[in-house]
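Structural overview
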Amino acid sequence: MELIQQNPDLSAYLAADEVIDHEHPYVREVAGRLAKEAEDSYAYARLAFEFVRDTIPHSQDAGDPRVTWRASDVLEQRTGICYAKAHALAALLRAEDIPTALCYQRFDVVHGLVAVRFNGAWHRQDPRGNKPGVNAQFALGREQLAFVPDREAGEEDCPELYAAPHPTVLGALRAATDRAHLWATLPATL
């Protein structure tokens, strides 16, 4: 699948905003700690991915009713669904000048992930969190995402790369009073 940048300006995929708030002191602190352990940008990206995947539980898996959507809140509260975890990873990567896009897959509901730009190409990564039957890994080239769409069932990979969260996704996150409410209102399409 060919990934499509929605914004031709690569600097858009480095920008901070209300959601991907990589200028927030806590995001900077976490990014700084991870950067000290990395010998280069690739190693940093892998460490940031593993940090979000492994130390921030997916709120559905953990039974956590809180809904987070701002990257700094996800990192501080240590909880979030796929979209929120993608926002946190995007903020950590952008904090170290690694272009990062938000992207999606469509199953019964829309699933969120990121794409990082290395060696002139985009590479999708899924920081959702592993569990039995889910084994997402950081990889360039051959993807190892949490889920593979079943095309015959109408599931799909969405090729668009967004610099900011899709408005439908962000609207559902912001409107949710708790995870149960969010689960009832997750978007099925973008």
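Residues numbered from 1 in each chain as written. Predicted model: local features only at pLDDT ≥ 70, side-chain atom pairs only at ≥ 80, totals over all residues. Heavy atoms only, no water.

Considerations on the packing of helix H1 (residues 25-36) against helix H5 (residues 82-95)
Using the following cut-off: An axis is simply a line fitted to the C-alpha atoms; with a helix, the fit covers only the stretch in contact. Between two such axes, the angle follows the N-to-C directions and lies from 0 to 180 degrees. Secondary structure elements are taken from DSSP: a helix is a run of H or I of four residues or more, a strand is a run of E of two residues or more, and numbering for both begins at the N terminus. Geometric relationships in this document are graded by angle, where less than 35 degrees denotes roughly parallel, more than 145 denotes roughly antiparallel, 65 to 115 denotes roughly perpendicular, and other angles denote oblique. In a left-handed crossing the near helix is turned counterclockwise from the far helix by less than a right angle, and in a right-handed crossing that turn is clockwise. In what follows, residue pairs with any heavy atoms lying within 4.5 Å of each other are defined as contacts.
Interaxial distance between H1 and H5 falls to 9 Å at its minimum, and their mutual angle equals 65 degrees. Relative to H5, the element H1 lies roughly perpendicular. Two packed elements cross with a definite hand, and for H1 against H5 that hand is right-handed. Here H1 contributes Val 27, Arg 28, Val 30, Ala 31 and Leu 34 to the contact with H5, which in turn contributes Ala 91, Leu 92 and Ala 95.

Some details on the nonpolar core
Spelled out, the test is: Nonpolar cores were defined as sets of buried Ala, Val, Leu, Ile, Met, Phe, Trp, Tyr and Cys residues, with membership established by side-chain atoms within 4.5 Å. Only protein chains enter the calculation, and the probe is 1.4 Å; a residue is then buried if its accessible area is under 20% of its type maximum, exposed if over 50%, and partly exposed in between.
Among the nonpolar cores identified, the biggest contains 50 residues, and Leu 34, Tyr 44, Phe 51, Leu 75, Tyr 83, Leu 92 and Leu 93 are the most heavily contacted of them. Listing elements by their share of this core, those giving two or more residues are H1, helix H2 (41-55), helix H4 (71-77), H5, strand S2 (100-106), strand S3 (110-118) and helix H6 (167-175). The dominant element in this core, judged by the number of residues it contributes, is H5, at 11 residues. Apart from the residues lying within four places of it in its own chain, the contact partners of Tyr 44 are Ala 31, Leu 34, Ala 35, Ala 38, Leu 92, Leu 93, Glu 96 and Ile 98. Counting residues in hydrophobic clusters, the runner-up holds 11 residues, among them Ala 12, Tyr 13, Trp 122 and Ala 163.

Description of the pairing of S3
If a strand is regular, its side chains alternate between the two faces of the sheet. What counts here: Here, any two strands with at least 2 DSSP bridges between them count as paired.
For S3, the buried fraction is high: 8 of the 9 residues fall into the buried class. In this structure, S2 lies alongside S3, joined through 7 bridges in antiparallel fashion. For Arg 106, the partnering residue across the bridge sits in S3 and is Val 110. Linking S2 to S3, which pair antiparallel, is a turn of 3 residues. By the bridge criterion, 5 bridges tie S3 to strand S4 (residues 121-125) in an arrangement that is antiparallel. Counterpart to Val 114 in the pairing with S4 is Gln 125. Turn length for the S3-S4 hairpin, with the two strands adjacent in sequence and antiparallel, is 2 residues, and the turn residue Asn 119 shows positive phi of about 55 degrees.

As for the packing of aromatic side chains
Here is the rule: The criterion for an aromatic pair is that two Phe, Tyr or Trp rings (for Trp, the six-membered ring) have centres within 6.5 Å, with stacked assigned to planes under 30 degrees apart, edge-to-face to planes over 60 apart and tilted to the rest.
According to the stated counting rule, one finds 7 aromatic pairs in the structure shown. Seen from their ring centres, Tyr 42 and Phe 118 are 6.1 Å apart, and the 70 degrees between their planes marks the pair as edge-to-face. Remark: Phe 118 occurs in strand S3 and Tyr 42 occurs in helix H2; sequence separation between them is 76 residues. We classify Tyr 42 as partly exposed; its relative accessible area is 35%. Residue classification places Phe 118 among the buried residues on the basis of a relative accessible area of 11%. Through a chain of ring-to-ring contacts, the aromatic side chains of Tyr 42, Phe 49, Phe 118 and Phe 138 assemble into a single cluster.

Details of the pattern of salt bridges
For the record, the criterion: For this analysis, a salt bridge means a side-chain nitrogen from Lys or Arg found within 4 Å of a carboxyl oxygen belonging to Asp or Glu.
Applying the stated criterion across every chain yields a total of 13 salt bridges. With its nearest N and O atoms 3.3 Å apart, the salt bridge here joins Asp 73 to Arg 70. Classification of Asp 73 as partly exposed rests on a relative accessible area of 21%. One connected set of salt bridges, linked through shared partners, spans Glu 18, Arg 70, Asp 73 and Arg 174.

These values are about where atoms sit, not about what they do.
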